[in-house]
Amino acid sequence: MSEDIKKLSSLERVEQAARDLGLDISVKRMEQSTRTAEEAANAAGCDVGQIVKSLVFVNADSNGLTLLLVSGAHNADTAYITATYGLRLKRADIDRVRDETGFAIGGVGPIGHRVNLPVFIDESLLAYDQVWCAAGRPDSIFSCNPKVLAEKIGARTIKVKVG
């Protein structure tokens, strides 16, 4: 990401990243909070499973940040992910998330980070034609096709939970 883009607000970085990726989005600022998956689903008028939770973890092997895009209907089962994919994840410190991604918790989007992150996407999101993602602020979201999003950002598809 260029130095100019790093100076943009978090919402502007999401919009610029979408343009750079050729991802057609329209950010919606909501009257109510979209910080949680349930709040975002209510604001968007969609199923909670269509909400993309952008969860930032630390890769225990490399100590680098890793992004998991998880359905709002799921929790990431890190023990399952480790056993199945060999990806050892641990909680990321909120200050580190903000410093390295440029986003505060509740507004972390799937695009527009200050640093490049490896990205993994919950396979259940790909069953939808449209999903809703955080747009850099706790009151802003955008919709997109999850398959197109995954392709544009080079996300690896994984199962995030047992069952």
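Residues numbered from 1 in each chain as written. Predicted model: local features only at pLDDT ≥ 70, side-chain atom pairs only at ≥ 80, totals over all residues. Heavy atoms only, no water.

## Concerning the environment of threonine 101
By the element assignment, threonine 101 lies in helix 5 (residues 94-101). Exposure remark for threonine 101: the relative accessible area of 0% places this residue in the buried category. Along the sequence, threonine 101 and alanine 43 sit 58 residues apart, while their C-alpha atoms lie 25 Å from each other. The residues touching threonine 101, leaving out its near neighbours within four places in the chain, are Arg13, Val56, Leu65, Arg96, Gly112, His113, Arg114 and Leu117. Looking at threonine 101, its side chain comes within polar contact range of the main-chain nitrogen of phenylalanine 103, at 3.1 Å. (Helix = DSSP H or I, 4+ residues; strand = E, 2+ residues; numbered from the N terminus. Buried < 20%, exposed > 50% of the residue type's maximum accessible area, 1.4 Å probe, protein only. Contact = heavy atoms within 4.5 Å. Polar contact = N/O pair within 3.5 Å; in protein donor to acceptor, adjacent residues only side chain to side chain.)

## Topic: the side chain of aspartate 139
With respect to the helices, strands and loops of the structure, aspartate 139 is situated in the loop between strand 6 (131-134) and strand 7 (140-144). The residues contacting aspartate 139, other than those within four sequence positions of it, are Lys28, Arg29, Met30, Gln32 and Thr34.

## Things to note about the pairing of strand 2 (residues 51-59)
Most of strand 2 is tucked away: 8 of the 9 residues are buried. Here strand 2 pairs with strand 6 via 2 bridges, running parallel. Bridge pairing in strand 6 places valine 52 opposite cysteine 133. When strand 2 meets strand 3 (residues 65-71), the two strands line up antiparallel, connected through 7 bridges. Along strand 3, the bridge assignment pairs lysine 53 with valine 70. In this structure, the hairpin formed by strand 2 and strand 3 is closed by a connection of 5 residues, where asparagine 63 is found at a positive phi of approximately 65°. (Pairing = 2+ DSSP bridges.)

## Structural notes on the state of the cysteines
Inspection of the entire model under this criterion finds 0 disulfides. Not part of a disulfide, cysteine 133 finds its nearest cysteine sulfur in cysteine 144, a span of 4.1 Å. Note on cysteine 133: relative accessible area 1%, which makes it buried. We classify cysteine 144 as buried; its relative accessible area is 7%. (Disulfide = S-S within 2.5 Å.)

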